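Commentary on secondary and tertiary structure
Residue strings, one per chain:
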Amino acid sequence: MSMTTGPIGARGTALVVATVLTSVSAGAFLVLWAALWLPVLLRGADTALFLWPLVVVLAVGPWCGSVAALVLAAVALGGRRAPTAATAVLLASALLVVVAPLALWFGAPTPLGV
């Protein structure tokens, strides 16, 4: 059975894969952000940023996953103008592509105890 003759078709498969990629990427970015910035927020010490090089290297995978999800969601949207689930996944993955690197770079504005 080929992808185009399956029960959900190629666009449906692209949407499922894009949804999974977006979810996994968001979770990975959240874990990386927490590992990097929670010690800074809780203790107020910038010395906790020693994980920065490791987090940057590990963030490449989720960011590439977000870009792939963006492309797959655009394929799943397939020129439809009406808002669909593909539109939601497209917007979520686009938000991850833009906001996640900024959040990892800048963290949070002030420590919680200050």
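This text follows the structure it describes.
Residues numbered from 1 in each chain as written. Predicted model: local features only at pLDDT ≥ 70, side-chain atom pairs only at ≥ 80, totals over all residues. Heavy atoms only, no water.

1. Comments concerning helix H2 (residues 52–77)
Residues that lie three or four places apart on an α-helix share one face, since the helix turns once every 3.6 residues. With 26 residues, H2 should reach 38 Å at 1.5 Å per residue; the first-to-last C-alpha distance of 36 Å fits that figure. Along H2, the sharpest change in direction is near 30 degrees and occurs at Val-60; proline Pro-62 comes one to four residues later. The inward-facing, buried residues of H2 contact helix H1 (9–43) and helix H3 (85–106). Once H2 finishes, Gly-78 follows within two positions and takes phi at roughly 55 degrees, a positive value. (Helix = DSSP H or I, 4+ residues; strand = E, 2+ residues; numbered from the N terminus. Expected span 1.5 Å × (residues − 1). Bend = angle between axes of the 7 residues up to and from the residue. Contact = heavy atoms within 4.5 Å.)

2. Observations regarding a nonpolar patch on the surface
On the surface, a cluster of nonpolar side chains totalling about 650 Å² of accessible area is made up of Leu-95, Val-98, Val-99, Leu-102, Trp-105 and Phe-106. With respect to the element layout, Val-98 can be found in helix H3. For Val-98, a relative accessible area of 51% translates into the label exposed. (Patch = residues over 30% accessible without salt bridge, like charges linked within 9 Å, V, L, I, M, F, W, Y side chains within 5 Å. Areas by Shrake-Rupley, 256 points an atom, 1.4 Å probe, with all protein chains shown as cover. Salt bridge = Lys/Arg side-chain N within 4 Å of Asp/Glu carboxyl O. Buried < 20%, exposed > 50% of the residue type's maximum accessible area, 1.4 Å probe, protein only.)

3. Notes on the packing of H1 against H2
Between H1 and H2, whose axes approach to 8 Å, the crossing angle comes to 160 degrees. Taken together, the axis directions place H1 and H2 in an arrangement best described as roughly antiparallel. Note that H1 runs across H2; the crossing there is left-handed. (Axes fitted to C-alpha atoms, helices over the stretch in contact; angles between N-to-C directions. Parallel < 35°, antiparallel > 145°, perpendicular 65-115°, else oblique. Left-handed = near helix turned anticlockwise from the far one by under 90°.)

4. Digging into the nonpolar core
Taken as a class, soluble globular proteins show a tendency for nonpolar side chains to be buried jointly. Ranked by size, the top nonpolar core spans 10 residues in total: Phe-29, Leu-32, Leu-36, Trp-37, Val-40, Val-55, Ala-59, Leu-96, Ala-100 and Leu-104. At the level of elements, H1, H2 and H3 are the ones that each hand at least two residues to this core. Considering every element that reaches this core, the biggest residue donor is H1, with 5 residues. (Core = buried A, V, L, I, M, F, W, Y, C linked by side-chain atoms within 4.5 Å.)

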